[in-house]
Amino acid sequence: MAAPAEAAPRIRSCSPSASLTGYSDALDKTTVDGVYVGNLSSLAVDTNGRLAALSDRSQLFTFDRASRLNGVVPLVDERGQQLDSEGLAIQRDGTRLVTSEYEPSVRKYDRRGRLLGRLPVPENLQEYQVTNRTFEGLTLDDGGRKLVASMEGWLTTDGTDTRRFQTWQRDRRGEFRVDRQFAYMGDTGYGISEIAAVGDGRFLVLERSFNNTVGWTAHLYVADPRRATDVSQVAHLADRDQRVRFAKKALVAKLEGCPSLGAPTRFPVQANPLIGNIEGMAITGRRHGVLHLTLVTDDDQNPAAITRLYGLDVRLPRC
């Protein structure tokens, strides 16, 4: 995302590993085809290079890199009901993979929003007791041969900071089969809102939180699960006698430490007015070892919140 008009003209540092390139509020409180643009929970790059933004109100928007909206496609489940759609990944043939965090589930849709089927989900994740805290992040890895979903919350047997990542591997018929799980230790009080595969087996992990003192905060990490234990058969991650190897992680940036760039906020308490409920993240460029990320906030259809796009350049630290 190029630096929009609201942003300062030069790159601004958030940390030794990350710099803002700009922000845009062009999508805030807009409509397309009579549909409210907001509640955005995930971003993905479409096969035509445009961005797709998934709403947790079961709408899939597309727009170009200049934030011009191109259209919206509604999504429904097998009963014709809306989803609490949170994670989005787009395959090379244009098939949309979409999570719903209530079940949890991963469904497949074509470009027109027609339901094509759903992926199997391991039983231990289906038994999760708290709704609205399951599959929040989704990404394709290994050239599209692997699919990875992240849990926003924790299993009651795992401890409140532990998150499970579920993977699927594509078989010879092109279908995804359930594969390994690995464990990730989140920051205390933070939930995982989005993940993005880097392309070398590592993942960017976005954790975010809200409290009444500073408002929204967000921490961006790079995680390396390549030597992590397969925990699909481990029932109690809180039991440290299991000797489980968690995915390694390294901090990229605490986004609340970024410069505000003069951004406005409508929240009564927000220490950094630039930051909101950041839920979507996609890698939208690569050059000379620098990844360009586009991030988006979920405004929860709240008049006080802003749908905001951010540009961020990052160099990944070692885990």
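Because the structure is predicted, anything quoted here is derived from the model rather than measured. (Residues numbered from 1 in each chain as written. Predicted model: local features only at pLDDT ≥ 70, side-chain atom pairs only at ≥ 80, totals over all residues. Heavy atoms only, no water.)

> Lay out the sheet that holds strand β21 (residues 278-287) with the relevant residues and their values.
Across the sheet, which stays open at both edges, the 5 strands sit in the order β1-β2-β23-β22-β21 with antiparallel pairing between neighbours. Each end of this open sheet is capped by a strand with a single partner; those strands are β1 (12-15) and β21. The sheet shows a mean angle of 30° between the axes of neighbouring strands, direction not considered. Across 6 bridges, the pairing between strand β22 (residues 290-297) and strand β23 (residues 309-314) is antiparallel. (Pairing = 2+ DSSP bridges. Helix = DSSP H or I, 4+ residues; strand = E, 2+ residues; numbered from the N terminus. Axes fitted to C-alpha atoms, helices over the stretch in contact; angles between N-to-C directions.)

> Would you mind going over the pairing of strand β10 (residues 96-100) in detail, with residue names and values included?
Counting buried residues along β10, 5 of its 5 residues qualify, which places the element largely inside the surrounding structure. Burial along β10 is two-sided: the face carrying R96, V98 and S100 and the face carrying L97 and T99 are both buried. Both strand β9 (residues 85-90) and β10 contribute to a ladder of 4 bridges, which runs antiparallel. If you follow S85 over to β10, its bridge partner there is S100. Two successive antiparallel strands, β9 and β10, enclose a turn made up of 5 residues, where G94 displays a positive phi of approximately 90°. Pairing analysis gives 5 bridges linking β10 to strand β11 (residues 105-109), with the strands arranged antiparallel. The residue bridging T99 from the neighbouring strand is V106, located in β11. Hairpin connection, β10 to β11: the antiparallel pair is bridged by 4 residues. (Buried < 20%, exposed > 50% of the residue type's maximum accessible area, 1.4 Å probe, protein only.)

> Just give me the short version of the environment of S67, but keep the residues and values in it.
Of note, S67 is situated in the loop between β7 (59-63) and β8 (69-74). The exposure class of S67 is buried, given its relative accessible area of 11%. Considered as a pair, S67 and S24 are 43 residues apart in the sequence and their alpha carbons are 8.1 Å apart. When sequence neighbours within four positions are dropped, the list of residues in contact with S67 reads S24, A26, L27 and L309. (Contact = heavy atoms within 4.5 Å.)

> Give me the pairing of β11: which residues, what numbers.
Of all 5 residues making up β11, 5 are buried, and the element is well covered by its neighbours. Across the two faces of β11 the burial is the same, with S105, R107 and Y109 and V106 and K108 all buried. Inspection of the sheet shows β11 paired to strand β12 (residues 115-118) by 3 bridges, in the antiparallel sense. Bridge pairing in β12 links Y109 to L115. Where β11 folds back onto β12 in an antiparallel hairpin, the turn is made up of 5 residues, including G113, whose phi is positive at roughly 90°.

These figures come from the coordinates and say nothing about function on their own.
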